[in-house]
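Listed here are the chains, written in short residue letters.
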Amino acid sequence: MSAASCRRSEDQFRCSICLDVFTDPVSTPCGHNFCKDCINEHWNSNVQYLCPMCKETFYTRPKLHINTFISEMVSHSSSEQQAAKPEVPCDVCTGTKLKALKSCLVCLTSYCKTHLEPHLTMSGLKRHQLMDPVENLEDRMCMKHDKPLELFCKTDQTCVCTLCTYSNHKTHDVVPLKEEYEGKKAELGKTEAEIQEMIQKRRLKIEEIKHSVDLSKEAADREKAEGVQVFTALKESVERSLNEFIETIKEKQRTTEKQAEDFIKELEQEISELKKRSSEVVKLSHSEDHLHLLQNFLSLKAAPPTKDWTEVSVRPSSYEGTVVKAVAQLEEMLSKQMKKLFEAELKRVQQYAVDVTLDPDTAHPNLILSADEKQVNYGDVKKNLPDNPERFTRYAIVLGKQSLSSGRFYFEVQVKEKTLWTLGVARESIDRKGDITLSPQDGFWTIILRNGNKYSACNNYPAYLSLKSPPQKVGVFVDYEEGLVSFYDVDAAALIYSFTGCSFTEKLYPFFSPEPNDDGKNSAPLIICPVNQ
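Residues numbered from 1 in each chain as written. Predicted model: local features only at pLDDT ≥ 70, side-chain atom pairs only at ≥ 80, totals over all residues. Heavy atoms only, no water.

(A) View of the packing of helix α7 (residues 239-285) against helix α8 (residues 290-301). One can describe the packing of α7 onto α8 by two numbers: an axis separation of 10 Å at closest approach and a directional angle of 155°. Considered as vectors, α7 and α8 are oriented roughly antiparallel to each other. Relative to α8, α7 is oriented so that their crossing is left-handed. Taken together, the residues of α8 that come into contact with α7 (itself represented by Arg277, Glu280, Val281, Leu284 and Ser285) are His292, Leu293, Asn296, Phe297, Ser299 and Leu300. (Axes fitted to C-alpha atoms, helices over the stretch in contact; angles between N-to-C directions. Helix = DSSP H or I, 4+ residues; strand = E, 2+ residues; numbered from the N terminus. Parallel < 35°, antiparallel > 145°, perpendicular 65-115°, else oblique. Left-handed = near helix turned anticlockwise from the far one by under 90°. Contact = heavy atoms within 4.5 Å.)

(B) Molecular detail of the pattern of salt bridges. Tallying each qualifying case throughout the model produces 22 salt bridges. Residue Lys433 is joined to Asp387 by a salt bridge in which the shortest nitrogen-to-oxygen separation is 2.6 Å. Of this pair, Lys433 sits in the loop between β16 (421-427) and β17 (444-450) while Asp387 sits in the loop between β13 (375-378) and β14 (398-399), and the two are 46 residues apart along the sequence. According to the relative accessible area criterion, Lys433 is partly exposed, its value standing at 32%. What makes Asp387 exposed here is its relative accessible area of 56%. A salt bridge links Glu515 to Arg450, with the shortest nitrogen-to-oxygen separation between them at 3.3 Å. Of the two residues, Glu515 sits in the loop between β23 (508-513) and β24 (526-529) while Arg450 sits in strand β17, which places them 65 residues apart along the sequence. Residue Glu515 is classed as buried on the basis of its relative accessible area of 14%. (Salt bridge = Lys/Arg side-chain N within 4 Å of Asp/Glu carboxyl O. Buried < 20%, exposed > 50% of the residue type's maximum accessible area, 1.4 Å probe, protein only.)

(C) Seen up close, the state of the cysteines. Summed over all chains, the structure comprises zero disulfides. Looking at the unpaired Cys51, the closest cysteine sulfur is the one in Cys30, lying at 3.5 Å. A disulfide-free cysteine, Cys54 has its sulfur positioned 3.7 Å from the sulfur of Cys51, the nearest such atom. (Disulfide = S-S within 2.5 Å.)

(D) Quick look at the pairing of β13. Covered by surrounding structure in β13 are Val376 and Tyr378 only, the residues Gln375 and Asn377 on the alternate face being uncovered. Pairing of strand β12 (residues 367-369) with β13 involves three bridges; the strand directions are antiparallel. Paired with Leu369 across the two strands is Val376, which belongs to β13. Counting the residues in the hairpin turn of β12 and β13 gives five residues, including Glu373, whose phi is positive at 60°. Here β13 runs beside β24; their pairing, made up of two bridges, is antiparallel. Paired with Val376 across the two strands is Leu526, which belongs to β24. (Pairing = 2+ DSSP bridges.)

(E) Quick look at unusual backbone geometry. Notably, Asp24 is not glycine yet its phi reads approximately 50°, a positive angle. Topologically, Asp24 is positioned in the loop between α1 (3-11) and β1 (25-27). Residue classification places Asp24 among the partly exposed positions, given a relative accessible area of 49%.

(F) Region of interest: the sheet that holds strand β18 (residues 454-457). Reading across the sheet, the six strands line up as β14-β23-β16-β17-β18-β19 and stay open at both edges, with antiparallel pairing between neighbours. Only two strands of the sheet have a single partner each, and these edge strands are β14 and β19 (463-465). Here β14 pairs with β23 via two bridges, running antiparallel. Paired with Leu399 across the two strands is Phe511, which belongs to β23.

Here it is as structure tokens:
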């Protein structure tokens, strides 16, 4: 970097009070920057707290914030200035070669002060073109015409000599090297700004990931505390269950932290690569060597390939069902405690309540939907409806309008006075026209009631459920990332059944089937209810 470039870099980072390069730069609320000691001393010696730049008055002494960006840029600029540019040796010296003072584009030789003398005194050599010393002088000459590369062909994007404009580049758009140099240098400045913005975005993403880990740890701590309270009461008889519970929570936390560590490591690697490219771009943009900048411009103009982090995040692990699964094995000993646990869990999942409405475009022609699209029952008369692709035409099914492709989802349905019903969620691509099997393998996660008292979960193999009392209202909870679908007896605050370890790859929709009327025994509708937390 030349002395002039160094001065320009310093001028961008000078304190307006001491007129020197920033030391511990801080920002005032009005957005101006000063050395920390300078602004403090300025305010200590004045009655009012004024900004030295814009004269804005602060009625209380403002809190100063360290400007990390300027600190890094000052440090970066200082490092560049301290990095000595490689010296070009004199080509004429024998033995110990002295530092070259000038290079001759005619002789293609670099000269120290002593050997340069003839070029300054002899009339024949005075006409030679001299420049600041550079290496590889032959690269600055046109290989075809043996003339200096003084022009830039914008048509072919290459450096040419004056004679080239009369031959291969005769009709091309040719400009002086300096003109093209200035344009490319400005583009490099823009590239540098873009890289800095990319670095900043990745730093923010790191903070976002760290925050997600903190939230996950808080959730894990809360869950562990509750579990310890439950299992401590069981003493030695439940020690093994307690250890298994804590290990499950820890493993989920380890998984979250490991994912976060991997993301952070990848982000920091990208930041390192971007910083490296930034350093190269800054170094090139400060170069006074026209040819060198133009020859290296294309390789440094674009930022290095990086990952799109916009949608990347670390979600806190879901712990719904963890305590329940462990304590269920000790049901007889924990009946009262289980009641408390289920109530707490139901409150947790109810916070993910969604206002679900029925989608008439999917409803079987025999189904009757209420005007507010919150109730559905079976009608004996089949309506004449368009056979659109979304509509179920073989079974009395209707889906909700709302879908889920990430996160958590909860809704409640009144099933009171019904002897038959099917509830749950289904993936978007299920068959809506032919025979279907209610199983996760075919895209359905449902529970059913048959004959008024026979409940079962429609797993790949039917799981018959033994319930203490018929539920009047059923809650359905889905955790997409966790692969969990749970059903609750809302009034009893009890878990009915959970599908765990599911793998969701597409949108999920609420699934409803009021089933046929069964000679009037099952005429009551399914009703989507508001969630009372």
